[in-house]
Each structure stands twice: as C-alpha cells, then as structure tokens.
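# Report on the structure
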Amino acid sequence: MESVKQIIRDIPDFPKEGIIFKDITPLLGDPVAFQKTINSLKDRYADKPVDAVVGVEARGFIFASALAYALGTGMIMVRKPGKLPYKTFQETYSLEYGTDTVEIHQDALRSGQNIIVIDDVLATGGTLSATLDLIQKNFENINILEAVFLIELDFLKGREKLKDTPIYSMIHY
Ligand code: AMP
C-alpha cells in the first residue's frame with residue numbers, strides 16, 4: 001500500500017485552519033492505485049461470509065460500492081439527515097461544536113447478516129461510532145465483521161471510540 005499512500009495528498013488548513021485534509025481524489029483518479037486499493041480489500045474479504053458492505057456518506061460510498069461489486073454483495077448507505085427517501089432510523093452524535101446525525105433505511109439490514117462498514121478516513125471516530133450505534137441499536141443480530149478505513153489518523157485515537165468492533169485501516173498516519 002506504500003505506492004497508494006504516496007498518492008494521497010495533504011491539503012493544509014482545509015476545510016478550516018489547523019486541519020490537514022487527506023485528499024484521496026488523486027488516488028481515485030489513478031486507475032492502478034484505485035484498483036490496487038479495491039483488490040486488496042477484495043482479497044481480505046473474499047473468503048468471509050459478507051452479506052453487505054455499508055458505506056458512510058460521502059466518500060465511504062465510493063469504496064463501499066466498488067468493494068460490494070467486487071465481492072458480489074449488496075451495498076447499504078448511511079447518510080446525512082434528510083437524504084434517504086424511505087422510513088429511517090437515526091443516531092445523533094456530538095461534534096466539537098453542536099451535533100450531527102446519521103440515518104439508515106429501516107429495511108436496510110436483516111437479522112443474521114454479516115456486514116463490513118467502510119469509510120475513507122478514521123479521524124476522531126465520532127462518525128463511525130455513531131454509525132455502529134445506529135446499526136446495533138436498531139437491528140437485531142447483525143454481525144459487524146470489521147470497520148474498515150482507507151486511512152487512519154492514529155494521533156486522534158478514534159479507534160478508542162469504536163470499543164469492541166474489529167478495525168482494519170489500510171494506511172496509517
Ligand atoms: P471523524 O468522525 O472525526 O472520525 O471523521 C469524520 C469524517 O470526516 C470522515 O468520514 C472523514 O471523511 C472526514 N475527515 C475527518 N478528518 C479528515 C481529514 N484530516 N482528512 C480527510 N477527511 C477527514
């Protein structure tokens with residue numbers, strides 16, 4: 001994954017001062033790096049009983065849909081509020097200032113399913129922790145095989161928020 005890591009671009013002070021934004025657009029635009037990333041995930045899960053890949057809006061959708069296609073599973077969307085058209089479950093979580101909410105369709109998952117949850121970056125862990133709560137509180141008997149990230153920002157210790165869920169990050173900073 002070293003060659004993939006090289007292609008991720010740092011954008012200082014975006015979207016606000018003090019944040020170094022990990023820009024994955026050069027990776028997505030590079031056919032070799034993008035295919036390598038998805039193939040590596042495909043190899044990891046090919047012999048696991050995955051029923052669905054859950055992607056977190058918005059960049060998580062890119063990896064979730066490519067991986068779901070590669071594995072031959074369904075792809076489920078966890079979205080920001082007000083975007084999903086059918087009945088939803090919701091989970092609200094705290095940000096540095098204020099709150100945010102994630103939503104999922106009430107019929108998105110079925111009892112007994114094995115899933116992977118994927119997002120591009122694990123930073124503070126707030127989004128993924130809310131996503132895991134959203135799934136675990138509202139659906140019975142769902143086995144979260146792993147929470148998967150393209151990038152983990154180790155110094156933010158987001159993994160501590162994700163408690164018992166196994167975590168796999170392809171690239172660490
Ligand atoms: P968090 O809830 O703090 O783990 O991060 C939430 C979301 O913000 C993730 O889905 C990332 O897409 C995005 N994000 C946070 N920090 C960064 C960063 N430094 N570079 C790129 N995306 C980020």
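Read on for a plain summary of the structure. Along each chain, residues carry numbers from 1 onward, in the same order as the chain's sequence is written. The predicted nature of this model means local features are confined to residues of pLDDT at least 70 and side-chain atom pairs, given and counted, to a pLDDT of 80 or more, with totals for whole chains, interfaces and linings taken over all residues. As a rule here, side-chain values come from all non-hydrogen atoms in the structure, and water together with hydrogens is ignored.

## Focus on the pairing of strand E7 (residues 114-122)
Counting buried positions over the nine residues of E7 gives nine, a clear majority of the element. A strand pair is defined by DSSP finding two or more bridges across the two strands. Elements are defined by DSSP. Helices are runs of H or I of four residues or more, strands are runs of E of two residues or more, and each kind is numbered from the N terminus. By the bridge criterion, four bridges tie strand E3 (residues 52-56) to E7 in an arrangement that is parallel. Directly across from Val-54, in E7, lies its bridge partner Val-117. Strand direction decides the pairing type here: E7 and strand E8 (residues 143-152), joined by eight bridges, are parallel. Counted as the bridge partner of Leu-122 is Glu-152 from E8. Accessible area is worked out with a 1.4 Å probe on protein chains only. A residue is then buried under 20% of its type maximum, exposed over 50%, and partly exposed in between.

## Some thoughts on the pattern of salt bridges
For salt bridges, the criterion is a side-chain nitrogen of Lys or Arg within 4 Å of an Asp or Glu carboxyl oxygen. Under the criterion given, the structure shown has seven salt bridges. Between Lys-22 and Asp-10 there is a salt bridge; the shortest N-O distance is 2.6 Å. A residue pair is termed long-range when its members are at least 10 positions apart, and Lys-22 in strand E2 (residues 20-23) and Asp-10 in strand E1 (residues 9-12) qualify at 12 residues.

## Quick look at the sheet that holds E7
In spatial order, the strands read E4-E3-E7-E8-E9; together these five strands make up an open sheet with parallel pairing. The open sheet is flanked by strand E4 (74-78) and strand E9 (167-172), the only strands paired with a single partner. Each adjacent strand pair in this sheet contributes to an overall mean axis angle of 20°, direction not counted. We call two residues in contact when some of their heavy atoms are within 4.5 Å. Whenever a helix is involved, its axis is fitted only over the stretch in contact; in every case the axis is a line through C-alpha atoms, and angles between N-to-C directions fall within 0 to 180 degrees. Its contacts with the sheet put helix H4 (residues 59-71) on E3, E4, E7 and E8, and the angle it makes with E3 is roughly 165°. On the sheet, helix H5 (residues 126-138) packs against E3, E4, E7 and E8 and is oriented at approximately 160° with respect to E7.

## Observations concerning the site of the ligand
In the region of the ligand, 13 residues are neighbours, and Asp-119, Asp-120, Thr-124, Gly-125 and Thr-127 sit closest. Nitrogen and oxygen atoms within 3.5 Å of one another constitute a polar contact, given that in protein one can donate a hydrogen and the other can accept it, and given that sequence-neighbouring residues count only through two side-chain atoms. Between an oxygen atom of the ligand and a main-chain N or O atom of Gly-125, the distance comes to 2.8 Å. Gly-126 is positioned with one of its backbone polar atoms (N or O) 3.3 Å from an oxygen atom of the ligand. Accessible surface is estimated by sampling points in the Shrake-Rupley manner with a 1.4 Å probe; for residues, cover comes only from the protein chains shown. Burial of the ligand by the protein amounts to 80% of the accessible area it has alone, namely 480 Å². Contributions of two or more residues to the shell around the ligand are made by E2, E7 and H5. We call Asp, Glu, Lys and Arg charged. Ala, Val, Leu, Ile, Met, Phe, Trp, Tyr, Cys and Pro are nonpolar, and the rest, Gly among them, are polar. By residue class, the composition of the shell around the ligand is five nonpolar, four polar and four charged. For this description, a residue counts as near a given molecule or strand if any of its non-hydrogen atoms is within 4 Å of it.

## Remarks on the side chain of Thr-73
Position of Thr-73 relative to the elements: it lies in the loop between H4 and E4. Setting aside residues up to four positions removed in sequence, Thr-73 forms contacts with Val-50, Asp-51, Ala-52, Val-53 and Ala-68.

## Brief notes about the packing of aromatic side chains
The description of an aromatic ring pair uses the distance of the two centres, along with the angle that the planes make with each other. Whether two aromatic rings pair depends on their centres lying within 6.5 Å, for rings of Phe, Tyr and Trp, where Trp uses its six-membered ring; planes under 30 degrees apart make the pair stacked, over 60 edge-to-face, and the rest tilted. Scanning all chains against the criterion turns up three aromatic pairs. Aromatic pair Phe-14 and Phe-21: ring centres 5.2 Å apart, planes at 85°, arrangement edge-to-face. Seen in terms of ring centroids, Phe-89 and Phe-139 are 5.4 Å apart; in terms of plane orientation they differ by 90°. Their pairing is edge-to-face. Placement of Phe-89 in strand E5 (residues 88-94) and of Phe-139 in the loop between H5 and E8 is noted, with a sequence separation of 50 residues between them. Criterion for a charge above a ring: Lys NZ or Arg CZ within 6 Å of the ring centre, and within 35 degrees of the ring normal. The ring of Tyr-173 has Lys-22 sitting right over it, with the charged end atom 3.6 Å from the ring centre. Just above the ring of Tyr-168 sits the side chain of Arg-44; from NZ or CZ to the centre is 3.5 Å.

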